[in-house]
Amino acid sequence: LSAQILVLSLSLGATRGLHSLSFIGFKNREFSLGAFSRGLFLRKPFRNFIARADQNPEYCSRPLNPLCEPIVNSMTGGRLKERDALFELVLKWITHPEWDMTLTLRDAMAKTEHLIDEHIVNPAGSELSRKCPGVASFYTRLPLIRALDFFGSRVSVEERQYVPPTFSEVRQVFNIAQVYEMRGHIKMLTFDADDTLYEHGMDLEPGDWIVDALLMLLESGIYVAVVTAAGYPGKPDRYAARFKGLLTKMKQLGTPKEVTDRFYCVGGECNYLFRIKEGYAMEQVPLQEWATDEMKAWKEEDISRMLDLADTSLREACVRHKLDVQYLRKERAVGCYPTEAGVRIAYETLEDVALTLQDVIMTHPDAPTGIPFCAFNGNRDVWVDIGDKRIGIQALQQYLKVGSKETCHLGDRFTNTGNDARARNVAMTVWVTNPLETEQYLEIFLSELGTEAAKKCAETRPTGPRQGTVEWEKAQVVQKNTAS
């Protein structure tokens, strides 16, 4: 213990020295963030988790990245919502001189664009696969320099002298690059629901610009599907209520059947499929009509055993954290959420509960084999679902005869405990953090689509809160107080 304390003291002292001495100027490529000591005092269960992940990368819930070191970093660095091995590699090239060299943001993006092009040709033996083991597949090239030019026209990220690029900014440049490459490739866009299409727990409203954007996509011949963890088996009206803004607008416009037939909703990650029927209502599609062979092979008794194990483990984890929560067991899911509507559970606590569930279910001797699951932090709750979004998107692709290179998924949960990460196995992806970002990327895509109607729709997107709304009134008060 005394030796560990000595090492920690030396590490903290070195870090303090780096922070006070090495900041010379970001544009001169001499910026350094220092190095934090990691993992010295991890509790034994978590050390075991890391060890198992080290031995078997598939142990982690996001199979595309081993994520063992990032997990430790996230626990010590306080950035649980910002973990991605490729984005962090770019940041290390910029801010850590011990990694190859210290590059400007433009140099780092140019280098990454080249490495991705090389990786597409030779995934197994590419330089990128060596620098970022387990990196995901790329279904298109990524024009990162063009995306940086666009992003820089709105955010002067390259002009900053003392503040380095952030994880969020690197993520947004990658997103814009992916959106640019969607033109000419995309036949289907899939969306997460909460915190992607609308705020958590809210619904689509008729006056939302995103409703107009979704309609334009459908009218342009593109399938639009919501792939959500929300599971309401046998209750199509519950989904209709969440999408009321879209359905109401369709009814007002008299949208023809060939357009409404392009809209789908996959519920419970992959367990239920709904579509629009006559009268602009929703109906459930029989499972045997669209499920993959993998899904049809799942046995109900194994599903029940999996949920029993998840239920027990979830309750034990919540008791350990002394959480005041309600539990909900569904046909193919089990989860918990705060007892009081206005209470927010600490994100770090939700993260620990989700990781506990992943750990227990993957290692428990009585866990049924052959039943995939997704244990995830929903930002306000924690759930274990049977299956995952990879399976849901794959089933929809098979049903609609659309390929992975023709599909893009937009979602907000791409971290180790998120339920959007596995979509990277079967589709292009765009990582958003809120519905506003989703609107921004749809605006770019519609502008690039090449039709006058799509361009006009993009130009109508409001850049701020609508006049007369509560948000607009708040903005006026803030502006008045600031200017006083």
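Scroll up a little and you will see the structure.
Summarised in this report is the structure supplied together with it. (Residues numbered from 1 in each chain as written. Predicted model: local features only at pLDDT ≥ 70, side-chain atom pairs only at ≥ 80, totals over all residues. Heavy atoms only, no water.)

1. Description of the overall build of the protein chain
Point 1. Helix and strand counts for the protein chain come out as 20 helices and eleven strands.
Point 2. Out of the 484 residues belonging to the protein chain, those deemed buried represent 51%. (Helix = DSSP H or I, 4+ residues; strand = E, 2+ residues; numbered from the N terminus. Buried < 20%, exposed > 50% of the residue type's maximum accessible area, 1.4 Å probe, protein only.)

2. What to know about the environment of Thr95
Point 1. If you trace the backbone, Thr95 turns up in helix 4 (residues 85-95).
Point 2. A polar contact is formed between the side chain of Thr95 and the backbone oxygen of Leu91, at a distance of 2.8 Å. (Polar contact = N/O pair within 3.5 Å; in protein donor to acceptor, adjacent residues only side chain to side chain.)

3. As for the packing of helix 4 against helix 8 (residues 167-182)
Point 1. It is at 10 Å that the axes of helix 4 and helix 8 come closest, and there the two elements cross at 115 degrees. Seen along the crossing, helix 4 lies across helix 8 with a hand that is right-handed. For the pair helix 4 and helix 8, the contacting residues are Leu86, Phe87, Glu88, Val90 and Leu91 in the first and Phe167, Val170, Arg171 and Phe174 in the second.
Point 2. Tallied by class, residues from the contact of helix 4 with helix 8 come to seven nonpolar, no polar and two charged. (Axes fitted to C-alpha atoms, helices over the stretch in contact; angles between N-to-C directions. Left-handed = near helix turned anticlockwise from the far one by under 90°. Contact = heavy atoms within 4.5 Å. Nonpolar A, V, L, I, M, F, W, Y, C, P; charged D, E, K, R; others polar.)

4. A word on the nonpolar core
Point 1. Counting 84 residues, the largest nonpolar core has Phe174, Leu189, Leu217 and Leu446 as the members making the most contacts within it.
Point 2. Here Leu189 is in contact with Met182, Leu217, Ile222, Tyr223, Val224, Ala225, Cys408, Leu410, Leu442 and Phe445, once residues within four sequence places are set aside.
Point 3. Cys270, Ile303, Val384 and Ile391 belong to the second largest nonpolar core, which has 44 residues in total. (Core = buried A, V, L, I, M, F, W, Y, C linked by side-chain atoms within 4.5 Å.)

5. Concerning helix 5 (residues 105-121)
Point 1. Its 17 residues give helix 5 an end-to-end C-alpha distance of 25 Å, which sits within 8% of 24 Å, the value for a rise of 1.5 Å per residue.
Point 2. Here helix 5 has its buried residues at Leu105, Ala108, Met109, Thr112, Glu113, Leu115, Ile116 and His119.
Point 3. Packed against the buried residues of helix 5 are helix 4, helix 6 (127-131), helix 7 (144-154) and helix 8. (Expected span 1.5 Å × (residues − 1).)

6. Looking at the side chain of Glu169
Point 1. Along the chain, Glu169 turns up in helix 8.
Point 2. Judged by relative accessible area, Glu169 falls into the buried class, the value being 11%.
Point 3. In this structure, Glu169 is in contact with Phe151, Val155, Val157, Arg160 and Pro164, ignoring residues within four places of it in sequence.

7. Some words on the pairing of strand 4 (residues 272-277)
Point 1. Note: strand 3 (residues 263-267) against strand 4, four bridges, orientation antiparallel. What sits directly across from Gly267, in strand 4, is Tyr272.
Point 2. Turn length for the strand 3-strand 4 hairpin, with the two strands adjacent in sequence and antiparallel, is four residues, and the turn residue Gly268 shows positive phi of about 60 degrees.
Point 3. The pairing of strand 4 with strand 5 (residues 281-285) spans five bridges and is antiparallel. (Pairing = 2+ DSSP bridges.)

8. Quick notes on the pattern of salt bridges
Point 1. With the rule as written, the count across this model stands at 30 salt bridges.
Point 2. Arg275 serves as the salt-bridge partner of Glu283, at 3.0 Å between the closest nitrogen and oxygen.
Point 3. On the basis of relative accessibility, which here comes to 25%, the residue Glu283 falls in the partly exposed class.
Point 4. Of the charged contacts, one joins Arg422 and Asp388 as a salt bridge, the two residues approaching to 2.9 Å between their closest N and O atoms. Residue Arg422 is found in the loop between strand 10 (407-411) and strand 11 (428-431), and its partner Asp388 is found in the loop between strand 9 (382-386) and helix 17 (389-400); the two are separated by 34 residues along the sequence.
Point 5. In the salt-bridge network here, residues are joined through shared partners; they are Asp308, Asp311, Arg315 and Arg329. (Salt bridge = Lys/Arg side-chain N within 4 Å of Asp/Glu carboxyl O.)

9. Section: the sheet that holds strand 8 (residues 373-377)
Point 1. Overall, antiparallel pairing links the four strands, which are arranged 6-7-9-8 in an open sheet. Looking at which strands have only one partner, the edges of the open sheet turn out to be strand 6 (325-329) and strand 8. On average, adjacent strands in this sheet sit at an angle of 15 degrees to one another, irrespective of strand direction.
Point 2. Pairing between strand 8 and strand 9: five bridges, direction antiparallel. The partner of Cys374 across the bridge, within strand 9, is Asp385.
Point 3. In the packing of helix 16 (residues 347-363) onto the sheet, the strands contacted are strand 8 and strand 9, and the crossing angle to strand 8 comes to about 160 degrees.

Purely geometric stuff here, so don't read any function into it on its own.
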